[in-house]
Protein chains: 2
Amino acid sequence: MLEHLGDFKRTHYCGEISTADVGKKVRVAGWVDTTRDHGGVVFTDLRDRTGIVQVVFTPDISEELVEKAKKLKHEFVIAVEGTVRRRPPGTENPKLKTGEVEIYAEKLKILNKSLPLPFLIEDDIKVGEDVRLKYRFLDLRRNKMMENIIFRHKLYQTVRRVFNEEGFIEIETPYLTKSTPEGARDFLVPSRIYPGKFYALPQSPQLFKQILMVAGFDKYYQIARCFRDEDLRADRQPEFTQIDFEMSFVSERDVMDVAEKVIRTVYKELLGVEIGEIPVMTYDEAMKRFGTDRPDTRFGLELKEITDVAKTCGFKVFRTVVENGGIVKAINFKGGAKLSRKEIDDLTKFVGIYGAKGLAWIKVTTNGLQSPIVKFFTEGEMNEILKRLEAEVGDILFFVADKPDVVNAALSNLRLKLGRMAGLIDDSKINVLWVVDFPMFEWNEEENRWEALHHPFTSPKEEDVEKLLEDPASVRARAYDMVLNGVEIGGGSIRIHREDIQEKVFKVIGLSDEEAKERFGFLLEALKFGAPPHGGMAFGLDRLCAIMRGEESIRDVIAFPKTQRGQCLLTGAPDTVRPEQLEELHISVEVEEEE
Amino acid sequence: MLEHLGDFKRTHYCGEISTADVGKKVRVAGWVDTTRDHGGVVFTDLRDRTGIVQVVFTPDISEELVEKAKKLKHEFVIAVEGTVRRRPPGTENPKLKTGEVEIYAEKLKILNKSLPLPFLIEDDIKVGEDVRLKYRFLDLRRNKMMENIIFRHKLYQTVRRVFNEEGFIEIETPYLTKSTPEGARDFLVPSRIYPGKFYALPQSPQLFKQILMVAGFDKYYQIARCFRDEDLRADRQPEFTQIDFEMSFVSERDVMDVAEKVIRTVYKELLGVEIGEIPVMTYDEAMKRFGTDRPDTRFGLELKEITDVAKTCGFKVFRTVVENGGIVKAINFKGGAKLSRKEIDDLTKFVGIYGAKGLAWIKVTTNGLQSPIVKFFTEGEMNEILKRLEAEVGDILFFVADKPDVVNAALSNLRLKLGRMAGLIDDSKINVLWVVDFPMFEWNEEENRWEALHHPFTSPKEEDVEKLLEDPASVRARAYDMVLNGVEIGGGSIRIHREDIQEKVFKVIGLSDEEAKERFGFLLEALKFGAPPHGGMAFGLDRLCAIMRGEESIRDVIAFPKTQRGQCLLTGAPDTVRPEQLEELHISVEVEEEE
C-alpha cells in the first residue's frame, strides 16, 4: 500500500496556499489532519508545519483516486498533486488561513500510515503530561507546541543578532570539564583513559568566559547548555539553556545596557511590545518593600515593617520574636475584611509552607477593629500600626513575626497570592526592573560558614574590599539581577580580576589555600598574567521563552524535556547499560538494598 | 600600585585608530605588547582584540606619568587617555595598521600586572603544545589564534544565515540522553535519582532529528556538540561540533543542494573563493581510481588494476594473492625512475603501515625495464601492464598485491605521499566532490557480522530493499559524503522512514527484535505514527574551520581543546572527585593494580 516519494517535488507548504494560487498546479505533502467521505467525494485536511489546506478527491478524476483516498486515516503521510481552486460559495472556512481555497487532487501518494493515536493533534488535549512526553513526536505536532519551538528558534536568531551588532564573538566552551562543586551538584562523566578520574558537565560557562576575557576576546557570548544535578524543584531541568555573555573594561552599567538591548529587542521584534524605562532597585529596598529580591512590581500590597512597635508592645508573641532578633512585618489587603474565618485559616496554612508559625490579622470594620490580637496593643501603638499600613474600613491587615528570612518569604508569597486572588495583577503588563547592591555573602547555618550569594567570582564593591575579611556581612557585591514580572530572568556581576581579592573571597567562604588551588587553581593562575577588569551576565533562555509565550512550564518550550525526576520518557533515559561499558570506565554500581 | 577602572570608558579599539582620528582625544585599554624607554620617553605598544597602537608617554605631560609608564611590563593591563597624532616623519611603521599614528598619552591607569610569561605573545612560537594548552589564556592572545576563533564565530553566523534563509528551524536536542551504543563508545553520566542507571552523551543528534521530522518540523538544523569516547586517533576530540540538519519529503539531491549552498556561501563570504560545479562520483569509481572513498582529486596518479594480468602471470606472489581472492593494483609515478634504492625502501616501509607486505616496482629507463620482478612476466603481459599504466621512459611503477582493503589503503596513501613529494598538489585549489552509492553494509571480521557502513538508519536504495536479508553485500545505501581536498567534511543520507524496513536493517546487523526494541524502541515507535520520508546531513565544523584557516590541527580552531589523550591541560580535567560525590551517584571506582 505504501509508495515511494520518487521524483515528487513539493511546490508549496500547505498553509501558504491562497487565492493567488487559484488555477495553479501544486504539489503538497504532509499529514492527514482529518478526512471524511461526503457521498463519494473525499475531503481531506492536509497539515504541515505551516498550517492546513483542504484537498478534495472526486470521481471526476478517477474512481481509483477516490478509492485510494478513502483509505486515508488520521496522521497518514501523503503527497498530493492537484489544482488550486476557489471553494464553492458558502463552503469557505473563515477559521482557516487557506479557507477560501482547496486543492482539486489529481494524484495521491500514500507515503506512510499511522496507528490510531493516543491523543488527538489539537491544542486543548486532556491527557497527562507523561503521555505527551512519551509520544513527544505527536505532542510536538500540535499547533501550540510547534509554534513554541518555532518561536524559540526566532528567539535564538534575534538574540544572536543583537550580540553580533554589539561586536560580541560567539565562542563554544567545553562540556567535558572539571568538577568545581560550589552551589549545585555536578553531573560526572567517568574517564575511560584515566581510571578513577571524572569529567564534570559545566553548571555554566562561568570560568571559561572569564578565561576568555583574560585571553583578550573583549566581548564573548554563547547560547550554552548548562547542567545541574539538583533536586528538581518546581520548574527546573537537569540541562537548561543560558544566554551567556561577558565583556572586558566595563562597569555594571555597560553590561546592563547590553542586557537591556537584548530584552527590548526580543520583546519588540517577536511580540511587538515596547519595554519602557527599566528602573533600578537596591536589594535592601526590594527586601523591605516586597520581602523578596525578585519583586513583582505590577501591583502594590507592599510590606510594612512594625518591628519597632512590636518590640515594646504587650503582645508577647511579637515581643519575644523581636527580643530574639526577629522582625515583624505586615501587609494591608484592601477590601479583605470580608474574608471568612475559613479563608483566613487557609492563608495561615499557606504562610506555614514558608515557615511562618502563625498569621496574625486585624480586620478594620465599620464596627471597629476585629482581631484576636488587638487587645494586646495600646491605642497609641495600634494607631501607629494603622497609620503605617494606611488602614481603612474594609481592609484586613496580616502580620508575620519571625526571623527576617521567614517573615519575608511568608509575606512576599502571601502578597502574590492575595494579589492574584484580588485580580490586582495585570497579565498584559511587562514589568522589568534591575535589582542591585546585593550582599556579597550569606551565612550558611548548616555548614556554619559564609557562602557567596551569587558566586565567589563576583567582585565586591570597591569601597568594601577592605572589609572582606573583617566584616563579610557588610560587603556588597557588584551584582545585578534582571527581574521580569517577579521572575528572575537574568543575573550577572562585575567579576574579580585581581588575584589577591579572589584569594580573599575564597578565604571568606572557608576555602583553604590548598582547596582554592585544587579547585580553582587555573583561574588564580590566569589572574596572574594580565586579567582585565570584566563582567557579564546570563539569561535563562528556557524561562524567558516560556514567559514570552505565556507558558507556565519551561517543558512546553523545550523540544525534548525531562520530567521533574529527570527522566526522558521518550527514550527512557537514564537507563541501565551493559556491564562491559562500566568495566571500561573502571566503575561499578553500588545500589543499596532499600533502593 | 593597581588602580580601579572607575569611570573610565573606552572610546576606541586600539587597532581601529587611524589618521582620521588625528587631533581627537581617545581612551583605549588593553595589554602592553612591548614597551621601551627611549631617553626618558616611554613608547608602549598597546594591544587589544583588534590590533596594536603605539602610546607615547613624555615628560611634557608630567614626570609622574613617565615614571608610572616606566613600570610597565609585558602583558600589564592598562587604560590610557590621550590625543591621537601623526607620528613624526620617518618614524611610521608600515607593518602596523595604525603605523602612521600614535597616542600622545595624558592619563595612564595600571589595571593589572602580569608575571613574566612562559612564552611570548607572537605568531611563531617555539614551545610545546602542552605549554600552550596549559596557558591557553596566553596562547589565545596570539594573533593567529585570536583570528582563528573570530573566524569560527563568523562561520557560525554565516552557516546559520544560510539555514534561516532556507526555512530551517534551529532546535536544541538533549545532551543527557540514552546510551544506544553502535559505532563509537558512549560517554556515560550516572544518575543520582535512579541508582544504577546512566544517561549517555549523544554521539550525534541523529535520532532526535529524525524524531523532529516525525513531529513535522520539516526542516531542522543545529550547531550541535557531539561526544565520542573513542581511542583518540590523529586529530579527533572527545567532544566536537557538528553542523547538523535534516529535511522531510526530500530526495538526495535536495539535501545535497542545501549542503552545497552552505559550503559555497562560507567559502565565498569568508574567504572570497568561488566553488565551481561539484562533481558526483560513485563509491565504486572512487575506490577503483583512488583506492579511497575520500579521494583528493586535485591531482592524477590514479590507481590501475592489473588483477586479470596477475592472475595468470609467472610471478607467484601476485598469482597466489589473486587465487586467494586478492587483487593487484599499481600506480605510475611519472619521472620516478630516478628514485634511489633507499627511497624505494622507505616507500616500502611506508605502505607497510597500511598492511602491505611488499611494494613491487618497475623502473622504465632508456636502458629498458629495471625491476626485480620483470623476469616473471611474459612480454605480452608486461606490454599490457605498461600500456595500462601509460608507462614512459623515466617512470616508476609501484604494485601492491593483497586483499582489496590493504591494496587500496596502501596505494591511496602512497599516492598522497608521492603527490606531495612531487609537488603535484596545488594547495591553493579547493576541490569539492560528492561520493555516493556507498554499500549499505560492511563485514565486521572481528564480530563476524554485517555492520552499517554509515549508520543503521540510512535508507537502502529503493530497488535494493528486497535484497536486504538475502544479499546484504549488494545493497547500496542512499548516502552521500562531501569530500574537500581529500578530507570528508560532511556526510548524510536519506533515512529509513518505514518501520518494516528499519526492522529488517536491524536484523541484518544482528540485532534481535528484543535488542532492537530495547535500544531503538522509541524510534521504531515513532515510525509507526506517520513518519515522513526524510534525510539530512552533518558537517564536521571543527575540521571545516581548520581547513578553511589552513590549520593542520582542529585544536587550533577550538578555544579549549583537549589533548590526544582527552585531557584539558588548563583545568586539569578529568580529575578525581570527592568520595561523597560518587556515593551520591551510587558508583564506586574499580581501579586495577597495573593502572
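Residues numbered from 1 in each chain as written. Chains lettered and ligands numbered in written order. Predicted model: local features only at pLDDT ≥ 70, side-chain atom pairs only at ≥ 80, totals over all residues. Heavy atoms only, no water.

As recorded in an unreviewed UniProt entry, chain A goes by the name Aspartate--tRNA(Asp/Asn) ligase, listed as coming from Phorcysia thermohydrogeniphila. Looking at chain A in UniProt, the text filed under Subunit (unreviewed entry) is "Homodimer." Quoted straight from UniProt, the Catalytic activity (unreviewed entry) entry for chain A says "tRNA(Asx) + L-aspartate + ATP = L-aspartyl-tRNA(Asx) + AMP + diphosphate". (UniProt positions renumbered as here; feature names shortened; annotations may be inferred.)

## Overview of the environment of A:Pro460
All names here are of chain A. Within the element layout of this structure, proline 460 appears in the loop between β19 (449–452) and β20 (479–484). On the accessibility criterion, proline 460 (1% relative accessible area) is buried. When the C-alpha atoms of proline 460 and glycine 99 are compared, they prove to be 62 Å apart, with 361 residues separating the residues in sequence. The contacts of proline 460, once residues within four sequence positions are left out, are Met440, Val465, Leu468, Val475, Arg476, Ala477, Arg478, Ile496 and Ile501. (Helix = DSSP H or I, 4+ residues; strand = E, 2+ residues; numbered from the N terminus. Buried < 20%, exposed > 50% of the residue type's maximum accessible area, 1.4 Å probe, protein only. Contact = heavy atoms within 4.5 Å.)

## Comments concerning the sheet that holds strand β10 (residues 239–248) of chain B
All names here are of chain B. Ordered in space as β6-β9-β10-β22-β21-β20-β17-β11, the eight strands form an open sheet in which the pairing is mixed. Strand pairing shows two members of the sheet lacking a second neighbour, β6 (169–170) and β11 (280–282), which therefore form its edges. Here two bridges tie β6 to strand β9 (residues 219–227), and the two strands are oriented parallel to one another. The residue bridging glutamate 170 from the neighbouring strand is tyrosine 221, located in β9. Across the sheet, helix α7 (residues 283–290) is in contact with β11 and β17 (432–436); its angle to β11 comes to roughly 80 degrees. (Pairing = 2+ DSSP bridges. Axes fitted to C-alpha atoms, helices over the stretch in contact; angles between N-to-C directions.)

## Re a negative patch on the surface
All names here are of chain A. On the surface, a cluster of negative charge is contributed by Glu503, Asp513, Glu514, Glu515 and Glu518. Counting through the fold element by element, glutamate 515 comes out in helix α14 (residues 513–527). The exposure class of glutamate 515 is partly exposed, given its relative accessible area of 33%. (Patch = residues over 30% accessible without salt bridge, like charges linked within 9 Å, V, L, I, M, F, W, Y side chains within 5 Å. Areas by Shrake-Rupley, 256 points an atom, 1.4 Å probe, with all protein chains shown as cover. Salt bridge = Lys/Arg side-chain N within 4 Å of Asp/Glu carboxyl O. Lys, Arg positive; Asp, Glu negative; His and termini not counted. Charge placed at Lys NZ, Arg CZ, Asp CG, Glu CD.)

## Considering the UniProt feature "site: Important for tRNA non-discrimination" (unreviewed entry) in chain A
Residues and elements named next belong to chain A. Per the UniProt entry, the sites bearing "site: Important for tRNA non-discrimination" (unreviewed entry) are His38 and Gly90 in this numbering. For histidine 38, the location among the structural elements is in strand β1 (residues 25–38). For histidine 38, a relative accessible area of 52% gives the class exposed. In this fold, glycine 90 is placed in the loop between β4 (77–86) and β5 (101–112).

## Focus: the packing of helix α6 (residues 252–271) of chain B against helix α15 (residues 541–549) of chain B
Each packed pair of helices is defined by two parameters, the angle between the axes and the distance between the axes. Residues and elements named next belong to chain B. As a packed pair, α6 and α15 sit with axes 12 Å apart at the nearest point and diverge in direction by 40 degrees. Between α6 and α15, the angle falls in the class oblique. Crossing geometry of α6 relative to α15 is assigned as right-handed. Together, Ile263, Val266, Tyr267, Leu270 and Leu271 of α6 and Leu544, Ile547 and Met548 of α15 make up the contact between the two elements. Tallied by class, the residues present in the contact of α6 with α15 amount to eight nonpolar, no polar and no charged. (Parallel < 35°, antiparallel > 145°, perpendicular 65-115°, else oblique. Left-handed = near helix turned anticlockwise from the far one by under 90°. Nonpolar A, V, L, I, M, F, W, Y, C, P; charged D, E, K, R; others polar.)

## Focus on the side chain of A:Thr44
All names here are of chain A. With respect to the helices, strands and loops of the structure, threonine 44 is situated in strand β2 (residues 41–48). The exposure class of threonine 44 is buried, given its relative accessible area of 0%. There is a polar contact of 2.9 Å between the side chain of threonine 44 and the side chain of threonine 35. Those residues in contact with threonine 44 that lie beyond four places of it in its chain are Val32, Thr34, Thr35, Val53, Gln54, Val55, Phe57 and Leu72. (Polar contact = N/O pair within 3.5 Å; in protein donor to acceptor, adjacent residues only side chain to side chain.)

## A word on the domain arrangement of chain A
You can read the domains of chain A as domain 1 (14–112), domain 2 (136–280 + 532–587) and domain 3 (299–425). Averaged C-alpha coordinates put domain 1 of chain A and domain 3 of chain A at centres separated by 64 Å. (Domains from an automatic or database assignment.)

## Brief notes about the pairing of strand β3 (residues 51–57) of chain B
Residues and elements named next belong to chain B. β3 sits mainly inside the fold: seven of its seven residues count as buried. Side chains Gly51, Val53, Val55 and Phe57 of β3 all project onto a buried face; the interleaved residues Ile52, Gln54 and Val56 project onto the opposite face, where all are buried too. Pairing geometry for strand β2 (residues 41–48) and β3, over seven bridges, is antiparallel. Considered in β3, the bridge of threonine 44 is made with valine 55. What sits between β2 and β3 in their antiparallel hairpin is a turn of two residues. Where β3 meets strand β5 (residues 101–112), two bridges bridge the pair, whose relative direction is parallel. If you follow valine 55 over to β5, its bridge partner there is isoleucine 103.

## A word on the packing of helix α4 (residues 143–165) of chain A against helix α15 (residues 541–549) of chain A
All names here are of chain A. As a packed pair, α4 and α15 sit with axes 10 Å apart at the nearest point and diverge in direction by 125 degrees. In terms of orientation, α4 lies oblique with respect to α15. Judged by the twist between their axes, the crossing of α4 over α15 is right-handed. In this structure, α4 uses Lys144, Glu147, Asn148, Phe151, Arg152, Leu155 and Tyr156 to contact α15, whose residues at the interface are Leu541, Asp542, Cys545, Met548 and Arg549. Class assignment for the residues of the contact of α4 with α15 results in six nonpolar, one polar and five charged.

## Considerations on the side chain of B:Thr365
All names here are of chain B. Inspection of the secondary structure puts threonine 365 in strand β14 (residues 360–365). Look at threonine 365 and you get buried, because its relative accessible area is 16%. In terms of polar contacts, threonine 365 uses its side chain to reach the backbone amide nitrogen of asparagine 367, at 3.0 Å. Here the side chain of threonine 365 touches glycine 368 through a polar contact of 2.7 Å, landing on its backbone oxygen. Leave out the neighbours within four places in its chain, and threonine 365 touches Gln370 and Val393.

## A few points about the relation of the copies chain B and chain A
Here chain B sits on chain A after a turn of 180 degrees about the axis and a move of 0.0 Å along it, with an RMSD of 0.1 Å. Taken together, the rotation and translation describe the operation of a two-fold axis. Most of the interface of chain B is mirrored in chain A: 100% of its interface residues are interface residues there too. (Least-squares fit on C-alpha atoms with pLDDT ≥ 70 in both.)

## Notes on the interface of chain B and chain A
Of the residues lining the interface, 129 residues belong to chain B; the matching set on chain A comes to 129 residues. Taken as a group, B:Glu172, B:Phe249 and B:Phe529 account for 7% of the area that chain B buries against chain A, more than any other trio of residues on that side. Counting across the chain B and chain A interface gives 16 salt bridges. Taken together, the links from chain B to chain A amount to 76 residue pairs in polar contact (both at pLDDT 80 or more). A per-element tally of the side of chain B that touches chain A places helix α4 (residues 143–165) of chain B first, with nine residues. For the side of chain B that touches chain A, the residue count by class is 68 nonpolar, 27 polar and 34 charged. The pairing of strand β23 (residues 587–589) of chain A with strand β23 (residues 587–589) of chain B spans three bridges and is classified as antiparallel. Bridge assignment links A:Ser588 to a residue of β23(B), and that residue is B:Ser588. (Buried area = accessible area lost by both parts, 1.4 Å probe.)

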